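# Structure assessment
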Amino acid sequence: MLLGKSTDYDIENVRERVRARKREHYRLNLERECKNARLRAQRAALNLQASARRKEAGYSDEEIFRRKELHRQAQARYREANRSKLRHEAWQYKRRIRHEKLRQRDEEEFQAFMSLDLDMDGK
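Residues numbered from 1 in each chain as written. Predicted model: local features only at pLDDT ≥ 70, side-chain atom pairs only at ≥ 80, totals over all residues. Heavy atoms only, no water.

Of the regular secondary structure elements, the protein holds 4 helices and 0 strands. Within the span of the protein, comprising 123 residues, buried residues form 3% of the whole. Here the protein displays about 11900 Å² of accessible surface, and carbon together with sulfur accounts for 54% of that area. (Helix = DSSP H or I, 4+ residues; strand = E, 2+ residues; numbered from the N terminus. Buried < 20%, exposed > 50% of the residue type's maximum accessible area, 1.4 Å probe, protein only. Areas by Shrake-Rupley, 256 points an atom, 1.4 Å probe, with all protein chains shown as cover.)

Between helix H3 (residues 61-81) and helix H4 (residues 83-114), whose axes approach to 4 Å, the crossing angle comes to 75 degrees. The orientation of H3 relative to H4 falls into the category roughly perpendicular. Between H3 and H4, the residues in contact are Tyr 78, Arg 79, Glu 80 and Ala 81 and Arg 83, Lys 85 and Leu 86, respectively. (Axes fitted to C-alpha atoms, helices over the stretch in contact; angles between N-to-C directions. Parallel < 35°, antiparallel > 145°, perpendicular 65-115°, else oblique. Contact = heavy atoms within 4.5 Å.)

In this section: a nonpolar patch on the surface. Taken together, the side chains of Phe 110, Phe 113, Met 114, Leu 116 and Leu 118 define a hydrophobic patch exposed on the protein surface, amounting to about 530 Å² of accessible area. Examined against the element boundaries, Phe 113 turns out to sit in helix H4. (Patch = residues over 30% accessible without salt bridge, like charges linked within 9 Å, V, L, I, M, F, W, Y side chains within 5 Å. Salt bridge = Lys/Arg side-chain N within 4 Å of Asp/Glu carboxyl O.)

A few words on helix H2 (residues 30-56). At 3.6 residues per turn, the α-helix brings residues three or four places apart onto the same side. With 27 residues, H2 ought to run about 39 Å at 1.5 Å a step, and its terminal C-alpha atoms sit 39 Å apart, in line with that. Phi for Gly 58, located one or two positions after H2, is positive at around 100 degrees. (Expected span 1.5 Å × (residues − 1).)

Summed over all chains, the structure comprises 10 salt bridges. In this structure, the salt-bridge partner of Glu 63 is Arg 67, at a minimum N-O distance of 3.2 Å. Here Glu 63 and its partner Arg 67 are both found in helix H3, 4 residues apart, which amounts to about one turn of the helix. Glu 63 sits in the partly exposed class, given a relative accessible area of 22%. Residue classification places Arg 67 among the partly exposed residues on the basis of a relative accessible area of 39%. Salt bridges sharing common partners tie together Glu 16, Arg 19 and Arg 23.

Any region with low pLDDT has predicted coordinates that should not be read closely. In the predicted model, the protein carries a mean pLDDT of 87, and the fraction of residues at 70 or more is 89%. Least confident of the elements in the protein is H2, whose mean pLDDT is 87; most confident is H4, at 95. (pLDDT = per-residue confidence, 0-100.)

This part covers a negative patch on the surface. On the surface, Asp 106, Glu 107, Glu 108 and Glu 109 cluster together to form a negatively charged patch. Given the relative accessible area of 37%, Glu 107 is considered partly exposed. (Lys, Arg positive; Asp, Glu negative; His and termini not counted. Charge placed at Lys NZ, Arg CZ, Asp CG, Glu CD.)

Written out as structure tokens, the structure reads:
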């Protein structure tokens, strides 16, 4: 960078590093990412089915849009009213996952240590 201004090379270099990080992330978390992709596809299919049912029920596109907008507003009101509760639950969820990973790693380390053949008598 010259005098605080980025060049095209710098931007491309940063973008390439980001792409490489993302590729590595997906490579390492392939199973989880595939599971998430399947869940997204299932939700999309359910949304299409629900939309088709609403149209068959005689709702116009405007009515469907209005109902969705009302639902989004209700969700926003709920999130606003329960912000601290939601934050606390999110914190607990993340903490539980983190501790489970640490416990699993400790267990693996313990099992590896216990499988070592230590000669305590010096023979």
